[in-house]
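Analysis of the macromolecular model
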Amino acid sequence: MSEQAAAVSLAGVSKTFAKGQVRALEDIDLGIRPGEFVSLIGPSGCGKSTLLRVIGDLVGASGGQVTVNGKSAARARADHDYGIVFQDAVLYDWRTVAKNVALPLELAGWSRRRRGERVREMLELVELSGFGDHHPWQLSGGMQQRVAIARALAFSPALLLMDEPFGALDEMTRERLNIELLRIWEASESTVVFVTHSIAEAVFLSTRVVVMSPRPGRIAAVVEVDLPQPRTNETREEPRFFELVTEVRERLRATEPAAGLLA
Amino acid sequence: MAHPEPAAALRGAVFADRRQTWPGALGRAGVTLLVLAALWGLWEAYRWVGVRTQLTWPFPVDDVTMPHIHTILQALFEPSRVNGPLLISVLLDSAWFTAKEALLGFALGATFGFALGILLAHSRLLQRGFLPYIVASQTVPILAIAPMVVVWLKSGWLSVAVIAAYLTFFPVTINTLRGLLSADPRALELMRSYAASPWAVLWKLRVPAALPYIFSALRVSATASVVGAIIGELPSSIQDGLGGAILNFAQYYSIQPANLWATNLVAAALGIVFFLAVVLAEKLVVRRAPENVA
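Predicted model only: the values in this text are computed from it and were never measured. (Residues numbered from 1 in each chain as written. Chains lettered and ligands numbered in written order. Predicted model: local features only at pLDDT ≥ 70, side-chain atom pairs only at ≥ 80, totals over all residues.)

Turning next to the overall build of chain A. Helix and strand counts for chain A come out as 9 helices and 10 strands. C-alpha extents for chain A along the principal axes are approximately 60 × 45 × 40 Å. For chain A, with 263 residues in total, the buried portion stands at 46%. Taking the contacts inside chain A whose residues are at least 6 apart along the sequence as the reference set, 71% of them involve residues at least 24 apart. (Helix = DSSP H or I, 4+ residues; strand = E, 2+ residues; numbered from the N terminus. Buried ≥ 20, exposed ≤ 12 C-beta atoms within 10 Å, placed from the backbone. Contact = placed C-beta atoms within 7 Å.)

Structure (structure tokens):
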């Protein structure tokens with residue numbers, strides 16, 4: 001993989017908080033190819049959300065190189081090269097669904113007509129056509145999260161950053177939205193970096209699962225997920241799916257300190 | 001994912017809610033009237049007992065200290081002086097005059113308060129430097145400030161409005177500041193991910209997020225501006241407003257106590273009108289989840 005072709009490239013990235021007292025990330029090397037779906041998984045405190053924020057230039061790295069689409073992370077942010085989705089939809093109560101999706105376009109100075117067209121396409125993509133005039137509080141949690149995804153995709157960014165986007169939803173809704181997300185991923189041909197603490201979710205969605213260990217956050221293992229595309233509900237019942245889930249689980253367990261240390 | 005007609009179902013639910021609010025509004029009005037009747041009853045009951053038992057503590061009860069409510073209302077529809085206009089028309093003129101002063105004061109105070117809140121929200125240092133003095137400004141009695149304002153700006157409309165503004169700005173500043181700082185940290189991260197300018201963050205996120213806070217301050221300020229205007233009229237020796245009317249009727253209280261009470265009723269009504277105007281504006285401007293509406 002050449003440096004130029006990488007969607008995201010991290011070289012020796014570290015992040016410290018509280019004047020160096022807390023080492024959140026240390027020595028992170030990771031290359032993500034365009035079109036990949038990469039999950040970051042690990043116990044809480046392993047810095048997976050911090051790593052996502054470093055890629056998005058929401059927090060600066062303390063050391064190392066972060067390259068997004070061949071540019072510096074700051075440049076990529078300024079160029080709207082990525083869209084981000086958080087655990088909560090973070091929709092603005094005072095805006096309708098359509099105006100929430102239009103917000104990034106509005107900030108970028110798109111004309112009203114172009115905005116309207118794009119918003120219609122995006123709502124269609126997440127199957128929320130007809131809900132444009134509703135206010136966020138009139139929608140269920142799952143629908144709100146789909147609005148957030150539509151908003152993140154408004155610029156058709158090459159990169160989609162997702163921080164436990166389905167963590168607050170019930171299991172049924174989460175599984176439905178997983179399928180939905182894969183469909184959107186295929187349709188938009190984007191690269192996804194997905195933070196989760198669900199092993200099954202990581203395996204089901206990803207082409208690669210990055211297992212992280214805590215204090216300081218490091219990459220402990222990378223598991224290639226060779227399940228066939230497109231993935232369906234049947235994928236979750238295949239033996240290979242269980243094998244991979246088991247592999248990721250064992251890798252995660254290996255990151256835990258010895259039992260004696262916990263006592 | 002298939003959603004069998006969810007939009008229609010949802011719309012139905014929204015309308016159902018709206019339908020339910022009508023009896024709700026009637027019910028609220030009913031309670032308000034009931035409380036009014038109860039207060040009236042209490043006043044008259046206390047009066048009746050006080051007169052019967054010749055109560056002397058805390059004050060002797062008679063027609064001067066506690067006129068009948070109906071006497072007060074009657075006074076409104078009698079000439080204020082021989083061959084003069086009805087008291088109510090005199091008081092409504094005064095109220096209109098005071099309302100104009102209060103409205104200007106409210107607008108000045110709210111604008112200044114909002115601008116100051118925005119300024120303070122941008123710097124911890126400014127907050128630390130300015131807030132103690134802003135708080136101190138409110139501990140100085142308005143009666144001590146008013147004469148100075150009159151000396152500076154000459155007696156008249158403008159000085160009264162400035163005095164009203166002095167009482168208005170404080171809650172607006174404090175709540176604007178609180179509201180601007182209340183924006184969801186993730187919403188701020190989202191704005192950062194869009195590389196939004198500070199100006200865009202202020203107007204697209206912080207100010208809309210602050211609106212409920214600002215409006216609850218405006219409700220307080222609306223009534224404060226009426227009080228400020230009435231008090232401001234006193235050192236300005238302005239005769240045309242409610243302040244002048246109160247001063248005037250206070251002098252003749254022992255002869256015509258009902259007139260002062262009637263003036264107070266009109267002043268209170270003016271305060272309520274200001275308050276309701278803000279509530280109405282809030283309903284029109286602030287779109288929030290039902291549970292978030294104070």
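A few words on the overall build of chain B. For chain B, the count of helices and strands is 10 helices and 0 strands. For chain B, the α and β elements follow one another from N to C terminus as α-α-α-α-α-α-α-α-α-α. For a compact globule of 294 residues, the expected C-alpha radius of gyration is about 19 Å, and chain B comes in at 24 Å, more than 25% above that figure. With respect to the three principal axes, the spread of C-alpha positions in chain B is 75 × 55 × 40 Å. (Rg over C-alpha atoms; globule rule 2.2 N^0.38 Å.)

The next thing to look at is the pairing of strand E4 (residues 63–68) of chain A. Residue and element names in this part refer to chain A. Here strand E1 (residues 8–17) runs beside E4; their pairing, made up of 5 bridges, is antiparallel. Counted as the bridge partner of alanine 11 is glutamine 65 from E4. Direction of pairing for E4 relative to strand E5 (residues 71–72): antiparallel, over a ladder of 2 bridges. Paired with valine 68 across the strands is lysine 71, a residue of E5. Counting the residues that bridge the hairpin from E4 to E5 gives 2 residues, and of these asparagine 69 lies at a positive phi of roughly 55°. (Pairing = 2+ DSSP bridges.)

A separate point is the sheet that holds E5 of chain A. Read across the open sheet, the 4 strands follow the order E2-E1-E4-E5 (chain A); overall the sheet is antiparallel. Edge positions in the sheet fall to strand E2 (22–32) and E5 of chain A, since each of these pairs with one other strand and no more.

On to the pairing of strand E10 (residues 218–224) of chain A, then. Residues and elements named next belong to chain A. Bridging between strand E9 (residues 208–213) and E10 involves 6 bridges; their strand directions are antiparallel. Within the sheet, the bridge partner assigned to valine 210 lies in E10 and is valine 222. As consecutive antiparallel partners, E9 and E10 are separated by 4 residues, and within that stretch arginine 215 has a phi angle of approximately 45°, a positive value.

Listed per partner, the contact involves 21 residues of chain B and 24 residues of chain A. Here the element with the most residues in the side of chain B that touches chain A is helix H7 (residues 185–193) of chain B; it accounts for 6 residues. Of the residues that constitute the side of chain B that touches chain A, the class distribution is 12 nonpolar, 2 polar and 7 charged. (Nonpolar A, V, L, I, M, F, W, Y, C, P; charged D, E, K, R; others polar.)

Bringing the sheet that holds strand E3 (residues 37–41) of chain A into the picture now. All names here are of chain A. The mixed open sheet is built from 6 strands, whose spatial order is E6-E7-E8-E3-E9-E10. Bordering the open sheet on either side are strand E6 (82–85) and E10, each of which pairs with just one other strand. The average angle at which neighbouring strand axes cross in this sheet is 20°, direction not considered. (Axes fitted to C-alpha atoms, helices over the stretch in contact; angles between N-to-C directions.)

It is worth spelling out the domain arrangement of chain A at this point. All names here are of chain A. Domain assignment breaks chain A into domain 1 (8–81 + 157–262) and domain 2 (90–156). For domain 1 and domain 2, the distance between their C-alpha centroids amounts to 25 Å. If you tally residues by element for the side of domain 1 that touches domain 2, the top one is helix H6 (residues 171–188), at 5 residues. Of the residues assigned to the side of domain 1 that touches domain 2, the class counts are 9 nonpolar, 3 polar and no charged. (Domains from an automatic or database assignment.)

So, on to the packing of helix H3 (residues 87–121) of chain B against helix H10 (residues 257–285) of chain B. Residue and element names in this part refer to chain B. Relative orientation of the contacting elements H3 and H10 amounts to 40°, with a least axis distance of 10 Å. Between H3 and H10, the crossing angle belongs to the class labelled oblique. When the axes of H3 and H10 are compared, the crossing they make is right-handed. Within the contact between the two elements, H3 uses Leu87, Leu91, Ala95, Thr98, Ala99 and Ala102 and H10 uses Asn259, Ala262, Thr263, Val266, Leu270 and Phe274. (Parallel < 35°, antiparallel > 145°, perpendicular 65-115°, else oblique. Left-handed = near helix turned anticlockwise from the far one by under 90°.)

Ranked by internal contacts, the top residues of the largest apolar core, which has 145 residues, are Ile55, Val101, Val147, Ala150, Val193 and Val248 of chain A. Both domains that meet at this core, namely domain 1 (8–81 + 157–262) and domain 2 (90–156) of chain A, each give it at least three residues. (Core = buried A, V, L, I, M, F, W, Y, C linked by C-beta atoms within 7 Å.)

Further remarks concern the packing of helix H8 (residues 198–233) of chain B against helix H9 (residues 242–251) of chain B. All names here are of chain B. At a closest axis distance of 7 Å, the pairing of H8 and H9 adopts a crossing angle of 60°. One way to sum up the angle between H8 and H9 is to call them oblique. Regarding H8 and H9, the two cross each other, and that crossing is right-handed. Judged by residue contacts, Ile230, Ile231 and Glu233 of H8 engage Leu242, Gly243, Gly244 and Ile246 from H9. For the contact of H8 with H9, a count of residues per class yields 4 nonpolar, 2 polar and 1 charged.

Turning our attention to helix H6 (residues 157–181) of chain B. The first and last C-alpha atoms of H6 of chain B sit 36 Å apart over 25 residues, in line with the 36 Å expected at 1.5 Å per residue. Most of H6 of chain B sits out of view: 21 of its 25 residues are buried. (Expected span 1.5 Å × (residues − 1).)

Moving on to the confidence of the model for chain B. Residue and element names in this part refer to chain B. Residues at a pLDDT of 70 or more form 90% of chain B, whose mean pLDDT is 88. Looking over chain B, one finds the lowest element-wise mean pLDDT in helix H1 (residues 6–52), namely 76, and the highest in H3, namely 95. Throughout residues 1–19 the model reports pLDDT below 50, and contacts reaching past four residues in sequence, or to other chains, amount to 8 contacts. (pLDDT = per-residue confidence, 0-100.)

All names here are of chain A. The end-to-end C-alpha distance of helix H8 (residues 239–255) is 25 Å, a good match for the 24 Å that 17 residues give at a rise of 1.5 Å each. Of all the residues in H8, the buried ones are Leu244, Val248, Arg251 and Leu252. The arc that holds every buried residue of H8, seen down its axis, measures 100°, which confines them to one face. Counted as exposed and oriented over 90 degrees from the buried face of H8: Pro239, Glu243, Thr246, Glu250, Arg253 and Ala254. Residues of H8 that are buried sit in contact with E3, helix H7 (199–205), E9 and E10. (Arc of directions from axis to C-beta.)

The next subject is unusual backbone geometry. Each neighbour pair has its own omega, and for glutamine 229 of chain A with proline 230 of chain A the value is -10°, a cis peptide bond. Its location among the elements puts proline 230 of chain A in the loop between E10 and H8. Of note, the bond from tryptophan 57 of chain B into proline 58 of chain B is cis; its omega dihedral lies within 30 degrees of zero at 0°. Locating proline 58 of chain B in the fold gives a position in the loop between H1 and helix H2 (69–76). Here valine 90 of chain A, not a glycine, exhibits a phi torsion of approximately 50°, which is positive. Within the secondary structure layout, valine 90 of chain A lies in the loop between E6 and helix H3 (97–107). Valine 90 of chain A sits in the buried class, given 20 other C-beta atoms within 10 Å. Although it is not a glycine, arginine 215 of chain A sits at a positive phi angle of roughly 45°. Checked against the element boundaries, arginine 215 of chain A lands in the loop between E9 and E10.

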